[in-house]
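# Analysis of the macromolecular model
In case you want the letters, here they are:
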Amino acid sequence: MSHPYPPDHRQPVLGASSLPPLTEDTHWYRRAVFYEVMVQSFKDSNGDGIGDFPGLMSTLDYLSWLGVDCLWVPPFYPSPGKDDGYDVADYMSVNPAYGTLEDFTRFVREAHVRGIRVLVDMVLNHTSDQHPWFQSSREDPAGPFGDFYVWRDTPTGYPDVRVIFTDTEESNWAWDPVRRQFYWHRFFSHQPDLNYENPAVRRAVIDVVRFWCSTGVDGFRLDAIPYLFEEEGTNGESLPATHHFIATLREVIDTEFPGTVMLAEANQPPRDVVAYFGSDDQPECHMCFHFPVMPRIFQALREESSQGLRTILAETPPLPQGGQWAMFLRNHDELTLEMVSDEERDNMYRWYAPDPQMRANVGIGRRLAPLLHGSQREVEIAHALLLSLPGSPFLYYGDEIGMGDDYTLPDRYGVRTPMQWDAGPGGGFSDADPADFVLPMVSSPGWDHRAINVSQSRQREHSLLNWLRKMLAVRREHPAFGIGSMSLLSTDDDAVLAFLRRDESETILCVTNLSSSSRAVRIQLPGMGGWGLKDLATGHSFPTVNEHEYVDITLPRHSFYWLSVSMPKEQA
Ligand code: GLC
Ligand code: CA
């Protein structure tokens with residue numbers, strides 16, 4: 001069989017993205033493939049052991065070759081680095097270790113030249129305690145920043161609000177010895193929450209957003225967005241005032257920087273997440289991460305059952321016009337288990353984090369490939385779901401080569417280790433002494449950069465990387481994966497998930513065998529008797545749907561098909 005997308009190790013395919021020119025398509029995010037890249041861990045250009053913007057810029061041809069349409073860059077602002085940059089000390093400049101503002105804007109321009117867009121992380125809920133606003137607030141309660149944070153004389157307010165960082169925090173209040181008052185924090189105690197009741201705070205953060213819009217970025221990932229406002233007697237999540245502020249932000253963006261995309265990080269049950277899209281009249285975010293579906297993918301693989309996925313997909317409400325889910329398998333945080341039942345959580349820990357060191361907060365601090373025991377087949381079907389479920393896929397850097405983790409590192413740093421580019425001494429990440437790297441490279445046998453790296457993966461025809469690149473290319477040719485509707489189909493085997501993706505020009509049948517044994521399955525295709533099936537990746541024909549409107553398909557263990565379903569010519 002000829003390979004439709006031969007891996008080419010010499011000639012990067014420039015501008016592989018097939019999205020229309022950057023300014024013309026306001027719905028680009030509904031068809032795009034996203035890639036989360038931590039600048040500090042990706043590529044170091046100046047030999048100090050810390051990844052930087054010139055380094056990231058030098059990898060754009062690789063990302064374009066892979067088929068990435070948009071990058072999500074976690075916080076790169078000046079920061080004491082106690083939460084890997086999510087503790088922002090200055091909203092309007094670049095962490096000098098990562099480069100200058102000019103390096104950043106050059107990176108954005110170069111990305112755009114290749115048809116790649118850029119989303120930046122906006123941490124609007126809190127700042128670092130090193131931020132000048134906080135310093136001023138604690139030292140001068142009557143001054144202009146005195147009311148920028150949530151101060152109280154006693155640590156007793158908002159008792160119904162949960163603690164998120166259970167590994168390190170016992171309370172959402174912390175004592176400040178300078179102001180001699182308590183301040184409110186949803187995350188680490190060194191991250192005081194901004195006081196959104198104060199209009200000056202709201203104006204200040206809107207100006208921050210304007211500033212980054214003016215650098216040419218294509219959108220924002222809105223960090224920790226459910227927690228902006230607090231209110232006594234509530235759990236402090238997703239309050240009406242918070243939604244109102246997000247809608248205001250959207251209005252500003254739509255008026256002043258139309259086309260700029262807002263993506264919500266709202267780890268909430270489906271019906272609450274969906275509120276972050278707003279309504280047709282009062283839109284909020286263009287995209288929201290689909291937190292509830294993610295753990296169900298991992299559950300499905302161990303239970304060898306599609307039940308959990310079916311349930312959550314059925315519970316996922318329809319989106320307003322132009323809304324799109326952001327689908328992901330892993331990211332820079334723990335695999336969060338906040339949105340599953342206690343029993344499901346226990347199972348997930350048993351399957352995926354048998355060693356307590358693998359746990360982080362309410363979740364699992366591991367990367368995709370080691371979670372799935374290095375099984376390329378399982379990693380592939382997890383990706384097949386990621387790419388075919390309704391939404392836009394978000395890849396996490398390194399997962400495309402099946403990179404490992406180091407769960408002995410503290411907090412969530414075990415999944416943020418340097419990108420493994422080649423088998424050389426610094427793994428192609430940096431020329432510095434590896435002892436000086438921002439984080440140690442993965443060193444466990446079979447997972448280190450000599451065993452797993454981009455360069456080798458590109459050369460190996462059947463590597464995960466070449467497979468993923470091929471599937472991204474297949475996906476790109478079929479916009480129904482991005483913008484089509486989804487309907488679940490019934491099968492006679494629970495281990496097989498089957499659904500249709502459909503837009504006005506095509507119908508795609510996605511069938512996934514979640515189990516570790518081969519399955520013969522009968523799939524009902526109502527109204528499609530006589531229709532033909534063809535494998536999207538290979539072009540091979542499959543049996544025609546019979547007059548009783550079903551088809552029998554055999555799937556090897558952990559395998560999937562994406563089949564185009566088309567009406568016979570005489571009916572068309
Ligand atoms: C978000 C980020 C996480 C960070 C937290 C606090 O959940 O993804 O990395 O620690 O916000 O900013
Ligand atoms: Ca550097």
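Look above for the structure.
So, how was this worked out
- Residues numbered from 1 in each chain as written.
- Chains lettered and ligands numbered in written order.
- Predicted model: local features only at pLDDT ≥ 70, side-chain atom pairs only at ≥ 80, totals over all residues.
- Heavy atoms only, no water.
- Helix = DSSP H or I, 4+ residues; strand = E, 2+ residues; numbered from the N terminus.
- Rg over C-alpha atoms; globule rule 2.2 N^0.38 Å.
- Buried < 20%, exposed > 50% of the residue type's maximum accessible area, 1.4 Å probe, protein only.
- Contact = heavy atoms within 4.5 Å.
- Lys, Arg positive; Asp, Glu negative; His and termini not counted.
- Charge placed at Lys NZ, Arg CZ, Asp CG, Glu CD.
- Near = heavy atom within 4 Å.
- Polar contact = N/O pair within 3.5 Å; in protein donor to acceptor, adjacent residues only side chain to side chain.
- Nonpolar A, V, L, I, M, F, W, Y, C, P; charged D, E, K, R; others polar.
- Donors = N, O, S within 2.8 Å, 3.2 Å for Na, K, Ca; no water.
- Phe/Tyr/Trp six-rings, centres within 6.5 Å; stacked < 30°, edge-to-face > 60°.
- Lys NZ or Arg CZ within 6 Å of the ring centre and 35° of its normal.
- Expected span 1.5 Å × (residues − 1).
- Core = buried A, V, L, I, M, F, W, Y, C linked by side-chain atoms within 4.5 Å.
- Patch = residues over 30% accessible without salt bridge, like charges linked within 9 Å, V, L, I, M, F, W, Y side chains within 5 Å.
- Areas by Shrake-Rupley, 256 points an atom, 1.4 Å probe, with all protein chains shown as cover.
- Salt bridge = Lys/Arg side-chain N within 4 Å of Asp/Glu carboxyl O.
- Pairing = 2+ DSSP bridges.
- Axes fitted to C-alpha atoms, helices over the stretch in contact; angles between N-to-C directions.

Looking now at the overall build of the protein. From N to C terminus, the protein includes 16 helices and 21 strands. Taken over the C-alpha trace, the protein has a radius of gyration of 24 Å; the compact-globule value for 572 residues is 25 Å, and the two agree within 12%. Along the first, second and third principal axes, the C-alpha atoms of the protein reach 80 × 55 × 50 Å. Looking at the protein residue by residue over its 572 residues, the buried ones come to 62%. Contacts in the protein between residues at least 24 apart in sequence constitute 70% of all its contacts with a sequence separation of at least 6. Treating the 47 positive side-chain charges of the protein as one cloud and the 80 negative ones as another, the clouds have centres 5 Å apart.

A separate point is the site of ligand 1. If you check the shell around ligand 1, you find 13 residues, and the closest are Asp83, His126, Asp223, Glu265 and Asp333. Here an oxygen atom of ligand 1 sits 2.8 Å away from a polar atom, N or O, in the side chain of Asp223. Glu265 places a polar side-chain atom, nitrogen or oxygen, 2.8 Å from an oxygen atom of ligand 1. Counted by class, the shell around ligand 1 contains 3 nonpolar, 3 polar and 7 charged residues.

Attention shifts here to the coordination of the calcium ion (ligand 2). Only Asp44 (OD), Asn46 (OD1), Asp48 (OD), Ile50 (O) and Asp52 (OD) from the protein coordinate the calcium ion (ligand 2), and they sit 2.2 to 2.4 Å from it. All donors of the calcium ion (ligand 2) belong to a single chain; written as a sequence motif, their spacing is D-x1-N-x1-D-x1-I-x1-D. Given a relative accessible area of 31%, Asp48 falls into the partly exposed group.

With that settled, consider the environment of Tyr349. Following the sequence through the fold, Tyr349 ends up in helix H11 (residues 342-352). Along the sequence, Tyr349 and Val73 sit 276 residues apart, while their C-alpha atoms lie 29 Å from each other. In contact with Tyr349, other than residues within four places in its own chain, are Leu337, Pro354, Arg359, Asn361, Val362, Gly363 and Ile364.

Another aspect to go through is the packing of aromatic side chains. To describe a pair of aromatic rings, you give the distance between the ring centres and the angle between the ring planes. Under the definition given, this model contains 49 aromatic pairs. A centroid spacing of 5.5 Å and a plane angle of 45 degrees characterise the contact between Trp72 and Phe289, whose relative ring orientation is tilted. A residue pair is termed long-range when its members are at least 10 positions apart, and Trp72 in strand E2 (residues 70-73) and Phe289 in strand E9 (residues 287-289) qualify at 217 residues. Grouped by ring-pair contacts, the aromatic residues Trp28, Tyr29, Phe34, Trp72, Phe289, Phe291, Phe328 and Phe394 constitute a single cluster. Cation over ring: Arg359 sits above Tyr349, and NZ or CZ is 4.4 Å from the ring centre. Against the face of Tyr397 rests Arg367, its NZ or CZ located 4.7 Å from the ring centre.

Taking 1.5 Å of rise per residue, 17 residues should cover 24 Å, and helix H7 (residues 240-256) covers 24 Å from first to last C-alpha, within 8% of that figure. What H7 keeps buried is the set Thr242, His243, Phe245, Ile246, Ala247, Leu249, Arg250, Val252 and Ile253. Against the buried residues of H7 lie helix H6 (199-214), strand E7 (219-222) and strand E8 (261-264).

Turning our attention to unusual backbone geometry. The phi angle of most residues is negative, glycine excepted, and most peptide bonds adopt the trans form. Its identity is not glycine, yet Ala224 carries a phi of approximately 50 degrees, on the positive side. Given the relative accessible area of 1%, Ala224 is considered buried. Even without being glycine, Asn361 reaches a positive phi, approximately 45 degrees. Locating Asn361 in the fold gives a position in the loop between H11 and strand E12 (363-364). On the basis of relative accessible area, Asn361 is assigned to the buried category, the value being 9%.

Here we come to the nonpolar core. In terms of nonpolar packing, the biggest core is built from 148 residues, with Tyr35, Phe76 and Trp562 touching the most fellow members. Looking at which element gives the most residues to this core, the answer is H6, with 8 residues. Ranked by size, the runner-up nonpolar core spans 20 residues in total, among them Leu489, Val496, Val545 and Leu555.

Below, the discussion takes up a negative patch on the surface. A cluster of acidic residues, Asp160, Glu197, Glu231 and Glu232, forms a negative patch at the surface. Looking at the element boundaries, Glu231 is found in the loop between E7 and H7.

A word on the sheet that holds strand E14 (residues 485-488). Ordered by their spatial adjacency, 6 strands build an open sheet running E14-E15-E16-E21-E18-E19, and the pairing between neighbours is antiparallel. Each edge of the sheet is formed by a strand with only one pairing partner; in this case those strands are E14 and strand E19 (541-542). Two strands pair when backbone bridges link them, and strand E18 (residues 532-535) and strand E21 (residues 559-566) are joined in this way by 4 bridges, in the antiparallel orientation. Residue pairing in the sheet places Leu533 in a bridge with Val565 of E21. Helix H13 (residues 376-388) contacts strand E15 (496-503), strand E16 (506-513) and E21 of the sheet and is inclined by roughly 35 degrees relative to E21.

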